[in-house]
Amino acid sequence: MSWLPPLDLTSWPTTAEKAMALQDELRPLICPVTPPGARFRTVARLDSAYADTGAVTAAVVVLAADTLRPVASAVAHGAAAFPYVPGLLAFREIPATFAALEKLCTAPDLLVCDGQGLAHPRRRFGLACHLGLLTGVPTIGVAKTVWGEYAEPGPERGAATDITIDGAVVGRALRTRAGVKPVFVSVGHRIDLDTACAQVLALTPRYRLPETTRHADHLCRAALRTATGN
């Protein structure tokens, strides 16, 4: 039996209007608090790659938090049924991502998404929020670009400044390597911002992006090339 709750794709939104309505409905359910006693022994990174045909490949790579070595991975293939609409990435990516997660034997302790959580341009409800609610697993967004306003953090590793939208703090610009452009961290679900940033720093001992990102991106692109023959 899968550790995941079922995902009902028969009621999955097919238009931008329905997708935004669902974001509004789900947004109040987000919990930006880390569960008491939470321990993040395993961390999973999720990634998706697309072919010109509309085929999509989703990959998940699980790392041991103490060694940052892969301990599990899974890949799923599908078709991107939802169109590309800025701010609605979740509705394009989640079906295949969910299929990849279903192939894992156990739930990771933390999910890391390449995208936004609360630092979302429209509904404060990005991919990390949506996936966190659907899985029940603590989830954070780590993005390479930012939505919102922020001051440049100091040049040293670990320096951080708040990201705000309409005056509300929605994330943090976090310097993971000295003198290198920061990444942009935001809460998805069941984790607080301080803990999320601490986890991102733990995942970036050598590079700007988390180790989970590098592993998942490689697996995802390789799997797509195999599936499409390109």
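Conventions we followed
Residues numbered from 1 in each chain as written. Predicted model: local features only at pLDDT ≥ 70, side-chain atom pairs only at ≥ 80, totals over all residues. Heavy atoms only, no water. UniProt positions renumbered as here; feature names shortened; annotations may be inferred. Helix = DSSP H or I, 4+ residues; strand = E, 2+ residues; numbered from the N terminus. Buried < 20%, exposed > 50% of the residue type's maximum accessible area, 1.4 Å probe, protein only. 1 Å grid on protein atoms, 1.4 Å probe; cavity = no way out; pocket = protein on both sides within 12 Å on 5 of 7 lines; lining within 4 Å. Core = buried A, V, L, I, M, F, W, Y, C linked by side-chain atoms within 4.5 Å. Contact = heavy atoms within 4.5 Å. Points joined across faces, edges and corners; volume = space filled by probe spheres on them. Nonpolar A, V, L, I, M, F, W, Y, C, P; charged D, E, K, R; others polar.

By the naming in an unreviewed UniProt entry, the protein chain is Endonuclease V, taken from Nocardia implantans. What the UniProt record of the protein chain gives under Sequence similarities (unreviewed entry) is the line "Belongs to the endonuclease V family."

A. Representation of unusual backbone geometry in the model. You will see that Asp 166, though not glycine, has its phi angle at about 55 degrees, which is positive. Following the sequence through the fold, Asp 166 ends up in the loop between strand 7 (160–165) and strand 8 (168–174). The exposure class assigned to Asp 166 is exposed, which follows from its relative accessible area of 76%. Phi is positive for Arg 190, close to 60 degrees, though the residue is something other than glycine.

B. Fine view of the UniProt feature "binding site: Mg(2+)" (unreviewed entry) in the protein chain. As annotated in UniProt, the feature "binding site: Mg(2+)" (unreviewed entry) corresponds to Asp 47 and Asp 114 in the numbering used here. A maximum C-alpha distance of 6.8 Å places the annotated residues, which cover 68 residues in sequence, within one compact spot. Restricting the annotated residues just mentioned to those that line the largest pocket leaves Asp 47 and Asp 114. Along the polypeptide, Asp 47 turns up in strand 1 (residues 42–50).

C. Quick peek at the UniProt feature "site: Interaction with target DNA" (unreviewed entry) in the protein chain. Taken from the UniProt record, the annotation "site: Interaction with target DNA" (unreviewed entry) applies to Tyr 84. By the secondary structure assignment, Tyr 84 is in the loop between strand 3 (70–79) and helix 2 (89–102).

D. Spatial organisation of the nonpolar core. With 60 residues, the main nonpolar core has Val 60, Ile 94, Leu 101, Leu 131, Ile 140 and Val 185 as its most contacted residues. Ranked by the residues each element gives to this core, the list is headed by helix 2, at 7 residues. Filtering out sequence-adjacent residues up to four positions away, Val 185 remains in contact with Gly 141, Gly 171, Arg 172, Leu 174, Leu 193, Ala 196, Cys 197 and Val 200.

E. Seen up close, the layout of surface pockets. The volume enclosed by the largest pocket comes to roughly 710 Å³. Taken together, 35 residues line the largest pocket, and the ones lying closest to its centre are Leu 89, Glu 93, Asp 114, Gly 115 and Gln 116. Secondary-structure elements contributing two or more residues to the lining of the largest pocket are strand 1, helix 2, helix 3 (127–135) and helix 5 (211–228). Element by element, the count of residues in the lining of the largest pocket is highest for strand 1, at 6 residues. Here the residues of the lining of the largest pocket are counted per class, giving 17 nonpolar, 10 polar and 8 charged. Here the second largest pocket defines a volume of roughly 180 Å³.

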